Amino acid sequence: MEYKHFISKRAEALKPSSTINLADTVRDMQARGLEVIRMETGEPDFATPKPIVQSAIKALESGMTKYTMSSGIPELKSAIIKKVWTKNSIPARAKNIIVTPGAKQGLFYAFAVILNEGDEVLIPNPSWGSFKSIVGLVGGSPVEYLCPSNKDFRIDFDDLEQKISHKTKAILVNYPNNPTGQTLSLSELKRLSQIATKYNLLVISDESYEELVYDNITHVSLASLPGMAERTISVFSFSKSFAMTGWRLGYVVAPEELVAKMVILQQQTATCPVSFVQRAGVTAFKCESDVARMVKEYQERRDLMLEGLKQCGIPCVKPRGSFYLFPNIQRFKLDSFQFAKFLLEKTLISVVPGSTFGSEGEGHVRMHFALSKEILRKVIGKLKIALKELG
Ligand SMILES: Cc1ncc(COP(=O)(O)O)c(C=O)c1O
């Protein structure tokens, strides 16, 4: 049977996630018995803290197996309110919150409720690929603004302002950043809020990596700045903070009118996030010492990798957050795809070509450091040998 006719233009236009695609190739190699060190998919290697697992089991055993309110269980929403007031300084009430099956779904709801066909969203270059895909899926047009490599991937505000048109509805920011590990300074946050206010734009702030910040940096939420809560859609995730990627849990904090529409969208699609996972989410907020333990370990791993890259003569902007390194591989005279292929074939280390994150990512590769120090030392050893071949 011929299916082309049955596939919608939207589905046809949707590109597979480049990192997930790569992961499939690597899995294929693993199935053939090859021992690949996987540095491409961004996922904590830690087990989900025990109290979280136990509370999910307890919830299941107590019969928490039914649908819940579409916006999330009141117990979790209360815990989120407390958390965002104290940790993020965002003045939120229950009507400002929707619990979602992961931040990705939250982003989808956010874009779906604000965008009409052709509305533009400013998206950083480089950036995580799903932003553009989701904007396109709901009929919006992604327009890139530069976070250039020669400015350590910080926002080029002049470029950002130039890209604003009468069709622009929102600016997307993602800090701590995937793929660069950059964070935003307070003065940059202020500049961003001035621009959003001047042009009456919404800001979608993906703060999925908020807990993973290093060097005693404090993560500041854009919505905490004066006047910004009313124009910011803040997207949060349990995935990276609590090593809960497979649980699929996140939440969005936004103006009441927008959340109300997102709740209807969730009602009509997912119905609600998984019931017992929501109960586990309440426990997650009590696991501060587990988070601190993981963050300390990530920072040590980052430092280990930075030193190793330096020894290999590979420059890399010091990531202040997330668990990604985005080293500059330009001196090897290979493009980022060729370099990633070379590494995979020569060393069985899989990384993501930087160009998959946008043109500013070319000349770089993304590698995560959510791996044990023992494995990271092995990576450095392998890099030192293999890169000699490239000169
Ligand atoms: C920037 C960014 N936002 C959102 C997500 C997805 O988070 P979740 O697992 O909560 O859907 C990821 C996952 O890699 C990410 O890198």
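Residues numbered from 1 in each chain as written. Predicted model: local features only at pLDDT ≥ 70, side-chain atom pairs only at ≥ 80, totals over all residues. Heavy atoms only, no water.

**Thoughts on the packing of aromatic side chains**
Counting across every chain of the model gives 18 aromatic pairs. The interplanar angle of 55° and the centroid separation of 6.3 Å between the aromatic rings of Tyr214 and Phe369 together place this pair among those described as tilted. Here the residue Tyr214 occupies a position in the loop between strand E6 (202-206) and strand E7 (232-237), and Phe369 occupies one in the loop between strand E12 (365-368) and helix H13 (373-390), the gap between them amounting to 155 residues. When its relative accessible area of 0% is taken as the criterion, Tyr214 is described as buried. Taken together, a centroid distance of 6.2 Å and an interplanar angle of 70° make the contact between Tyr251 and Phe285 edge-to-face. Placement of Tyr251 in strand E8 (residues 250-253) and of Phe285 in the loop between helix H10 (275-284) and helix H11 (288-311) is noted, with a sequence separation of 34 residues between them. Across this residue pair, the class does not change: Tyr251 and Phe285 are buried. Put simply, the rings of Phe46, Tyr209, Tyr298, Phe323 and Tyr324 touch in pairs and so form one group of aromatic residues. Taking NZ or CZ as reference, Arg293 lies 6.0 Å from the ring centre of Phe46, over its face. (Phe/Tyr/Trp six-rings, centres within 6.5 Å; stacked < 30°, edge-to-face > 60°. Helix = DSSP H or I, 4+ residues; strand = E, 2+ residues; numbered from the N terminus. Buried < 20%, exposed > 50% of the residue type's maximum accessible area, 1.4 Å probe, protein only. Lys NZ or Arg CZ within 6 Å of the ring centre and 35° of its normal.)

**A few points about the site of the ligand**
In the vicinity of the ligand there are 13 residues, among which Ala103, Asp206, Ser237, Ser239 and Arg248 approach most closely. Contact between the ligand and Lys240: an oxygen atom at 2.9 Å from a side-chain N or O atom of the residue. Here Arg248 contributes a side-chain N or O atom positioned 2.7 Å from an oxygen atom of the ligand. Contact with the protein chains hides 92% of the accessible area of the ligand, taken as 400 Å² for the molecule alone. When its residues are assigned to classes, the shell around the ligand shows three nonpolar, six polar and four charged. (Near = heavy atom within 4 Å. Polar contact = N/O pair within 3.5 Å; in protein donor to acceptor, adjacent residues only side chain to side chain. Areas by Shrake-Rupley, 256 points an atom, 1.4 Å probe, with all protein chains shown as cover. Nonpolar A, V, L, I, M, F, W, Y, C, P; charged D, E, K, R; others polar.)

**A word on the domain arrangement of the protein**
Along its sequence, the protein is carved into domain 1 (4-48 + 289-390) and domain 2 (50-287). Measuring from the centre of the C-alpha atoms in domain 1 to the corresponding centre in domain 2 gives 24 Å. Across the contact, 36 residues belong to domain 1 and 43 residues belong to domain 2. Together domain 1 and domain 2 conceal approximately 3,200 Å² of surface at their shared face, both sides included; 57% is due to carbon and sulfur atoms. The largest contributions to the domain 1 side of the interface with domain 2 come from Thr48, Arg320 and Glu360, which together make up 23% of the buried area. For the interface between domain 1 and domain 2, the tally reads three salt bridges. (Domains from an automatic or database assignment. Contact = heavy atoms within 4.5 Å. Buried area = accessible area lost by both parts, 1.4 Å probe. Salt bridge = Lys/Arg side-chain N within 4 Å of Asp/Glu carboxyl O.)

**Some points on the sheet that holds E12**
Ordered in space as E9-E12-E11, the three strands form an open sheet in which the pairing is antiparallel. Single-partner strands in this sheet number two, and they are strand E9 (324-325) and strand E11 (352-353). With two bridges joining them, E11 and E12 adopt antiparallel strand pairing. Of the residues in E12, the one forming a bridge with Pro353 is Val365. (Pairing = 2+ DSSP bridges.)

**A closer look at empty space enclosed by the protein**
Using a probe with the size of a water molecule, rolled over the atoms, empty space left in the structure can be pinpointed. The final tally for this structure, using the stated rule, is two cavities of 30 Å³ or more. The computed volume of the largest cavity comes to approximately 50 Å³. Forming the walls of the largest cavity are Pro124, Pro126, Tyr145, Cys147, Phe153, Leu172, Val173, Asn174, Tyr175, Asn177 and Thr180. Broken down by class, the residue content of the lining of the largest cavity amounts to eight nonpolar, three polar and no charged. In this model, the second largest cavity occupies a volume close to 40 Å³. Lining the second largest cavity are Leu309, Ile314, Pro327, Ile329, Phe339, Leu343, Val365, Met367, Leu383 and Leu387. Contributing elements (two or more residues each) for the lining of the second largest cavity: helix H12 (336-347), E12 and H13. For the lining of the second largest cavity, the residue count by class is 10 nonpolar, no polar and no charged. (1 Å grid on protein atoms, 1.4 Å probe; cavity = no way out; pocket = protein on both sides within 12 Å on 5 of 7 lines; lining within 4 Å. Points joined across faces, edges and corners; volume = space filled by probe spheres on them.)

**Examining the sheet that holds strand E4 (residues 141-146)**
Strand order across the open sheet formed by seven strands is E2-E8-E7-E6-E5-E3-E4, with mixed pairing between neighbours. Where the open sheet ends on each side, the last strands, each with one partner, are strand E2 (97-100) and E4. Looking at each pair of strands side by side, their axes are set apart by 25° on average, direction ignored. In terms of strand pairing, strand E3 (residues 120-125) meets strand E5 (residues 168-174) through three bridges, oriented parallel. Its bridge partner lying in E5, Leu122 is registered against Ile171. (Axes fitted to C-alpha atoms, helices over the stretch in contact; angles between N-to-C directions.)

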